[in-house]
Amino acid sequence: MTTDTERAHRDPLETAAELLDALEDRPSLAVEADLAVDVGGHGATVVGYDDVVAVDVPSLPAALALWRGLPVDSMDLAAVLASVGLTAELQVRGVPVARVGEDATPSAAARRLGLGSVELVPDGVPLAAVTRRRG
């Protein structure tokens, strides 16, 4: 029998594995959201539609700050999202730059950059660098 104290001192990967086991037989989720949020001093919008949650930030530095500030490892995030049938898409001024989760195809470039199990959108970063927000 495991005590609460022993559970509190477990390795986070073991805890994530237990969560994935618990979610394995659950149906996929669908998300509906339209939010304006502040992430680390940067304004962002979060829009959820069906099985995709898009997080749109105003600049590439804001995107990097958001990614670096995630409270979980990208491998754990990818696994949890995939286990419930969700994909998260990071956008800069409406241009997709990265995806993680169910419909993401992890790229070798992302792994080499230390981003983990992430799909980088090939033209996303250069396009986001030159795109201005309409409005």
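Heads up: these notes are all about the structure in this document. For clarity, every value in this text was computed on a predicted model and none was experimentally measured.

Observations concerning helix 4 (residues 74-83)
Line of reasoning, step 1. Residues of helix 4 that are buried: Ser74, Asp76, Ala78 and Leu81.
Line of reasoning, step 2. Two residues or fewer after helix 4 comes Gly85, characterised by a positive phi angle close to 75 degrees.

Re the pattern of salt bridges
Line of reasoning, step 1. Per the stated rule, a full pass over the model turns up two salt bridges.
Line of reasoning, step 2. Among the ionic pairs, Glu89 bridges to Arg99, the shortest N-O distance being 2.9 Å. Taken as a pair, Glu89 in strand 4 (residues 87-92) and Arg99 in strand 5 (residues 95-101) lie far apart in primary sequence, ten residues in all.
Line of reasoning, step 3. Overall, Glu89 belongs to the buried group, its relative accessible area being 11%.
Line of reasoning, step 4. Linking Glu119 and Arg99 is a salt bridge whose minimum nitrogen-to-oxygen distance equals 3.3 Å. Separated by 20 residues along the polypeptide, Glu119 in strand 6 (residues 119-120) and Arg99 in strand 5 bring together distant segments of the chain.
Line of reasoning, step 5. Taking the relative accessible area as the measure of exposure, Glu119 reaches 15% and is therefore buried.
Line of reasoning, step 6. Given the relative accessible area of 22%, Arg99 is considered partly exposed.

The rules we used
Residues numbered from 1 in each chain as written. Predicted model: local features only at pLDDT ≥ 70, side-chain atom pairs only at ≥ 80, totals over all residues. Heavy atoms only, no water. Buried < 20%, exposed > 50% of the residue type's maximum accessible area, 1.4 Å probe, protein only. Helix = DSSP H or I, 4+ residues; strand = E, 2+ residues; numbered from the N terminus. Salt bridge = Lys/Arg side-chain N within 4 Å of Asp/Glu carboxyl O.

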